Amino acid sequence: MGTLLIRPPGHRRDVTLRPAATAMVWTGVDHPHETIAVPGVALGDRDVLVAIEMSTICGSDVHTVRGRRSAPTPLVLGHESVGRVIAVGDEGALAVDGSPLRIGDRVVWSITISCASCDRCLRGMPQKCRTLGKYGHDRVGAHGDLTGAFGSHMQLRAGTAIVRVPEALPAAVLAPASCATATAWAAVARAARWRDLEGAAVRIHGAGLVGLSAAAIAAEFGADVEVRDPNPQRQALAARFGAEGLDREPDVVIEASGHAVADALEGVAVGGMVVLVGSVFPADPVPFDAESIVRRLVTIAGVHNYTGAELVEAVAFLAGRGRAYPFADAVGAVRPLTDIDAALAAASERDAPLRIGLVPGR
């Protein structure tokens, strides 16, 4: 396909790519992806160019290609990746910990691009920045072609939270960190700010990768954890991620399925908290019994995406106590990037693995 090349504003340095980068472009429902060659990028002063090691298919990617989630086209989907820095803008770029990024660093990065100066960013909500950008969600054009994970390279704009990752951790563990793991960490951390989770009863609805990651994280916080899912194959995985069941009402319910909001609100104990995880929506509307919520003193919190600090914590968990859990097994199949349409179809099946990986040049 052909794309209209628009040079972004501001000072730029042209970086030539030999061989050319490739990106898989989605043009709409029922249309196969088209491959484009990207021979170079215009790198902003604080931009970072990464070569992708592996990307994984998230549920939101499946929702988009099936028409359940609106998205602009043409679009390079994908937002779960691990890669390696191959170029940095003229003014350099910093990791979340404040250290300079170097050529060769192995990294993961946030879904979102934030300004760091608006009222929302200053209040600790960079994922809701007034000028928010999102990888794998924004149309190809003003910010170049390498704007999603389903390609050989990605151009990370200034305002992206970038985190170095250990060389020893498998790509299959690290790629989902920038969505599933970090979102799960944000959900559990939100509950932990409300009350100490040591000895708390935590119920999680949904045994997708977000829910299972939340189970492992909550278990490491000291909670007793239960996971509920209608899919028996997914339910069977819960024990491997720290879920042992509950013998009492849950103090915290994390709704990570998008299909059990009513059950989550009804099932939480008096004085408990329900955390609704936004990455699993859109979902059907549910009736809301305000009187029941008030009389039972229930707290409801919403979590959507995460901060850079939460991405750091998620990576630290995977590199530390998270090694006790089978995160490497979550990627049940790995396909060449060029097989993206078949991979997306496989990811939409009921018996699909938690994640399918895509590898450029394989």
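Here the structure is a predicted model, which means the values were calculated and not measured. (Residues numbered from 1 in each chain as written. Predicted model: local features only at pLDDT ≥ 70, side-chain atom pairs only at ≥ 80, totals over all residues. Heavy atoms only, no water.)

S.K.: Before we move on, can you summarise helix α5 (residues 209-220) with the specific residues and values?
M.R.: Here α5 is twelve residues long and its end C-alpha atoms lie 17 Å apart, about the 16 Å a rise of 1.5 Å per residue gives. If you check which residues of α5 are buried, you get Leu209, Val210, Gly211, Leu212, Ser213, Ala214, Ala215, Ala216, Ile217 and Ala218. At the C-terminal side of α5, glycine 222 shows a positive phi close to 100°. (Helix = DSSP H or I, 4+ residues; strand = E, 2+ residues; numbered from the N terminus. Expected span 1.5 Å × (residues − 1). Buried < 20%, exposed > 50% of the residue type's maximum accessible area, 1.4 Å probe, protein only.)

S.K.: Could you give an account of the layout of surface pockets, naming the residues involved and the relevant values?
M.R.: Considered as a void within the structure, the largest pocket measures approximately 1,000 Å³ in volume. Looking at the largest pocket, it is lined by 36 residues, and the ones nearest its centre are His63, Gly208, Arg234, Ser257 and His259. At the level of secondary structure, the elements contributing two or more residues to the lining of the largest pocket comprise α1 (59-65), α5 and β15 (355-359). For the lining of the largest pocket, the element with the most residues is α1, which contributes four residues. Looking at the lining of the largest pocket residue by residue, the classes come out as 17 nonpolar, eleven polar and eight charged. Taken together, domain 1 (13-164 + 326-359) and domain 2 (180-302) each give at least three residues to the lining of the largest pocket, which thus spans both. (1 Å grid on protein atoms, 1.4 Å probe; cavity = no way out; pocket = protein on both sides within 12 Å on 5 of 7 lines; lining within 4 Å. Points joined across faces, edges and corners; volume = space filled by probe spheres on them. Nonpolar A, V, L, I, M, F, W, Y, C, P; charged D, E, K, R; others polar. Domains from an automatic or database assignment.)

S.K.: I'd love a proper account of helix α9 (residues 308-319), names of residues and values included.
M.R.: Taking 1.5 Å per residue as the helical rise, α9 with its twelve residues ought to reach 16 Å, and the 17 Å between its terminal C-alpha atoms agrees with that figure. Those residues of α9 that fall on the buried side of the exposure criterion are Gly308, Glu310, Leu311, Ala314, Val315, Phe317 and Leu318. Summarising the contacts, the buried residues of α9 are in contact with β5 (106-113), β8 (160-164), α3 (171-174), α4 (180-194) and α5. (Contact = heavy atoms within 4.5 Å.)

S.K.: Let's hear about the pairing of β8: which residues, and what values?
M.R.: In terms of burial, β8 is a largely internal element, four of the five residues being buried. Of the pairings in the sheet, the one linking β5 to β8 comprises four bridges and is antiparallel in character. Bridge pairing in β8 places valine 107 opposite arginine 164. (Pairing = 2+ DSSP bridges.)

S.K.: Please give an account of the state of the cysteines that cites residues and values.
M.R.: Throughout the structure, instances matching the rule amount to zero disulfides. Free of any disulfide, cysteine 115 has its nearest cysteine sulfur in cysteine 129, 3.5 Å distant. Sulfur of cysteine 121: no disulfide; nearest cysteine sulfur belongs to cysteine 118 and is 3.7 Å away. Overall, cysteine 121 belongs to the buried group, its relative accessible area being 12%. (Disulfide = S-S within 2.5 Å.)

S.K.: An account of the environment of cysteine 121 is requested, with residue identities and associated values reported.
M.R.: Mapped onto the secondary structure, cysteine 121 falls in helix α2 (residues 119-122). With 186 residues separating them along the chain, cysteine 121 and threonine 307 place their C-alpha atoms 9.6 Å apart. What cysteine 121 contacts, discounting residues up to four positions off in sequence, is Ser114, Cys115, Ala116, Pro126 and Cys129.

S.K.: How would you summarise the packing of α4 against α9 if you had to cite specific residues and measurements?
M.R.: Contact geometry for α4 and α9: axes closest at 9 Å, N-to-C directions at 105°. By the criterion of interaxial angle, the relationship of α4 to α9 is roughly perpendicular. Across the interface between the two elements, Thr181, Ala182, Trp185, Ala186 and Arg193 of α4 pack against Glu310, Leu311, Glu313, Ala314, Phe317 and Leu318 of α9. By residue class, the composition of the contact of α4 with α9 is seven nonpolar, one polar and three charged. (Axes fitted to C-alpha atoms, helices over the stretch in contact; angles between N-to-C directions. Parallel < 35°, antiparallel > 145°, perpendicular 65-115°, else oblique.)

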